[in-house]
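Understanding the architecture of this molecule
One-letter residues, chain by chain:
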Amino acid sequence: MIREAQKEDLQKILELYLFLHEKDIPQMSEHLAQTWERIIEDRNHHLIVCEVDGKLVASCVCVIIPNLTRNVRPYAFVENVVTHEDYRGRGYATACLNYAKEIAKEQNCYKMMLLTGSKEVKTLDFYKNAGYNSADKTAFIQWLGI
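Residues numbered from 1 in each chain as written. Predicted model: local features only at pLDDT ≥ 70, side-chain atom pairs only at ≥ 80, totals over all residues. Heavy atoms only, no water.

Moving on to the pattern of salt bridges. Inspection of the entire model under this criterion finds 4 salt bridges. Measuring nitrogen to oxygen at the nearest pair gives 3.0 Å for the salt bridge that ties R3 to E51. Of the two residues, R3 sits in strand β1 (residues 2-4) while E51 sits in strand β2 (residues 45-52), which places them 48 residues apart along the sequence. Take R3 and E51: they sit in the same class, and that class is buried. (Salt bridge = Lys/Arg side-chain N within 4 Å of Asp/Glu carboxyl O. Helix = DSSP H or I, 4+ residues; strand = E, 2+ residues; numbered from the N terminus. Buried < 20%, exposed > 50% of the residue type's maximum accessible area, 1.4 Å probe, protein only.)

Here you go:
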């Protein structure tokens, strides 16, 4: 089942993120609780999950960003695409991305963007097969406070 995350999903999401790039699950803190509350309450922040037999097996984030260009149409930014390693290759992350695409369409977005740090052909092909391309734009990133 593909759906948006609910408040009680926090622990399961943090566990799933161990298959993204996290090394451990952060300790529950006031900062973590407040951040989670902001994410859940933000109508432009969509944390999409795929649940199989009560387990969260894939996820992505889709943030709708208001915009003053392109006839005042927003755009969508996709981040934190992840699938539990035991569930890869079954279409779960693609289903999450398709759900994000539907949200973007409903919000009249003119484009969707995502970045990946992966250089693996398999991962890059996954994004190409999901409809993304790397030819139209050049991405730059600047890390802060690391």
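In a regular helix each residue adds 1.5 Å, so 12 residues correspond to 16 Å; helix α2 (residues 30-41) covers 16 Å between its end C-alpha atoms and thus fits that length. The complete set of buried residues in α2 reads L32, W36 and I39. All buried residues of α2 fall inside an arc of 60° around its axis, so they share one side. Exposed residues lying more than 90 degrees from the buried face of α2 are E30, H31, R38 and E41. In this structure, the buried residues of α2 make contact with α1 (10-16) and β2. (Expected span 1.5 Å × (residues − 1). Arc of directions from axis to C-beta. Contact = heavy atoms within 4.5 Å.)

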